[in-house]
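Take a look at the letters that make up each chain.
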Amino acid sequence: MKQGFSLCVYCGSRTGAGAQFAEAAAAVGTWIGAHGAQLVYGGGNNGLMGVMANAALAAGGRVVGVIPHALVEKEWAKLDCTELHVVDNMHERKRMMAERADAFLALPGGIGTFEEFFEVWTWRQLGYHDKPVGLLNLDGYYDSLLAFLQSSVDHGFMNDWQMDLVRVGGDVQALLQDLAEAARLAPRQTDLSEI
Ligand code: AMP
């Protein structure tokens, strides 16, 4: 694994219905701490975000939170992150998160998670970065999204190679290992200055 592997995770600001989602978020945080890795995330304290960040800190991992000041004012920031960056707006936040990461992973979540996942995927297909992008399809949560995306390929609006840019898995440990290995091999010709 790359020394000091830095993983940007997008996930729900809610915990979802069922304990399995929080368990998976905690497992991601624990894996990060256990592997001397770094978590980059949205800096929030609630939902899967808070569960994951707490688990990473408890396991000795570095946690970098990046949050717009408007959300800090709503008292949603996790103030005990290893580094907490308060930025001007959402665009600056997403750029900094992307720049600080070696790979991206979306866990189950809602529209905020979807938006971040699709954005980083489109940046990859446009060549703004070459970092691996993963999707944790825990308990089949993303089955219907993946079916819709395949339908988009079938209808001629996407190509297989675009689908192949996303590494999909249902097992937390296996997907994290896969992303870490892919990040180690990535050519790293990243330029996010124009996003
Ligand atoms: P959602 O999937 O709609 O729950 O939104 C989660 C994503 O949106 C996270 O990855 C964050 O970047 C952002 N987000 C949503 N709510 C918050 C919050 N309360 N504090 C910080 N970031 C948030």
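A brief report on the enclosed structure follows. Computed from a predicted model, the values in this text were never measured in an experiment. (Residues numbered from 1 in each chain as written. Predicted model: local features only at pLDDT ≥ 70, side-chain atom pairs only at ≥ 80, totals over all residues. Heavy atoms only, no water.)

### Structural notes on the side chain of Glu116
Put simply, the rule reads: Runs of H or I in DSSP of at least four residues are treated as helices and runs of E of at least two as strands, each being numbered from the N terminus. A 1.4 Å probe rolled over the protein chains alone gives each residue an accessible area, and that area as a share of the maximum for its type sets the label: buried under 20%, exposed over 50%, partly exposed in between. Charged residues are defined narrowly, with Lys and Arg counted positive, Asp and Glu counted negative, and His plus the chain ends left uncounted. Between Lys or Arg on one side and Asp or Glu on the other, a salt bridge is scored when a side-chain nitrogen of the former is within 4 Å of a carboxyl oxygen of the latter. Any two residues having at least one pair of non-hydrogen atoms within 4.5 Å are treated as being in contact.
Inspection of the secondary structure assignment puts Glu116 in helix H5 (residues 111-126). Look at Glu116: it is buried, it has no salt bridge, and the nearest opposite charge is Arg93 at 4.3 Å. Setting aside anything within four residues of it in sequence, one finds Glu116 in contact with Tyr10, Arg93 and Lys94.

### Some words on the site of the ligand
Heads up, the rule is: Only heavy atoms are used to decide nearness, and a residue is near a molecule or strand if one of them lies within 4 Å of it. In protein, a polar contact requires one atom able to donate a hydrogen and another able to accept it; more generally it is a pair of N or O atoms within 3.5 Å, and residues adjacent in sequence count only if both atoms are side-chain atoms. Residues were grouped as follows: Ala, Val, Leu, Ile, Met, Phe, Trp, Tyr, Cys and Pro as nonpolar; Asp, Glu, Lys and Arg as charged; and all remaining residues, including Gly, as polar.
The full set close to the ligand counts 18 residues, and Ser13, Arg93, Gly110, Thr113 and Glu116 are the nearest of them. Between an oxygen atom of the ligand and a side-chain N or O atom of Ser13, the distance comes to 2.6 Å. Within the side chain of Glu116, an N or O atom sits 2.5 Å from an oxygen atom of the ligand. It is H5 that contributes the most residues to the shell around the ligand, 4 residues altogether. Here the residues of the shell around the ligand are counted per class, giving 7 nonpolar, 9 polar and 2 charged.

### Description of the side chain of Thr113
Tracing the backbone shows Thr113 in helix H5. Using a relative accessible area of 3% as the deciding quantity, one classes Thr113 as buried. Discounting residues that sit within four places of it in the chain, Thr113 has contacts with Tyr10, Cys11, Gly12, Ala106, Leu107 and Tyr142.

### Re the environment of Asp130
Mapped onto the fold, Asp130 is located in the loop between H5 and strand E6 (133-136). Looking at Asp130, the relative accessible area reads 15%, which means it is buried. Considered as a pair, Asp130 and Val87 are 43 residues apart in the sequence and their alpha carbons are 25 Å apart.

### Brief notes about the packing of aromatic side chains
How we decide: Stacked, tilted and edge-to-face are the three classes assigned to paired rings of Phe, Tyr and Trp, where Trp is represented by its six-membered ring and a pair needs centres within 6.5 Å; plane angles under 30 degrees give stacked, over 60 edge-to-face, the rest tilted.
Here the structure, examined in full by the defined rule, presents 8 aromatic pairs. With centroids separated by 6.3 Å and ring planes inclined at 5°, the aromatic side chains of Tyr10 and Phe104 adopt a geometry described as stacked. Residue Tyr10 is found in strand E1 (residues 6-10), and its partner Phe104 is found in strand E5 (residues 103-106); the two are separated by 94 residues along the sequence. Across the pair, Phe104 and Tyr10 agree in class, each one buried. Considering the side-chain rings of Phe117 and Phe118, the 5.3 Å spacing of their centres and the 65° angle between planes classify their relative orientation as edge-to-face. Through a chain of ring-to-ring contacts, three or more aromatic side chains come together here, namely Phe21, Phe114, Tyr141 and Tyr142.

### Describing the sheet that holds E1
Hydrogen bonding along the main chain pairs the strands of a sheet, whether they run parallel or antiparallel. Note the threshold: Note: two strands are recorded as paired if DSSP finds a minimum of 2 bridges between them. Axes, fitted as lines to C-alpha atoms, cover a helix only where it is in contact. Angles between the N-to-C directions of the axes lie from 0 to 180 degrees.
The sheet built from 7 strands is open, its strands ordered E4-E3-E2-E1-E5-E6-E7 with parallel pairing. Only two strands of the sheet have a single neighbouring strand rather than two, namely strand E4 (83-87) and strand E7 (166-169). Across this sheet, the average inter-strand angle for adjacent strands is 20°, counted without regard to direction. Direction of pairing for strand E2 (residues 38-41) relative to strand E3 (residues 62-68): parallel, over a ladder of 4 bridges. Bridging from a neighbouring strand, Val40 pairs with Val64 of E3. Helix H4 (residues 90-99) rests against E1, E2, E3, E4 and E5 of the sheet, and its axis sits at about 160° to E3.

It is worth stressing that arrangement in space is one thing and function is another; only the former is reported here.
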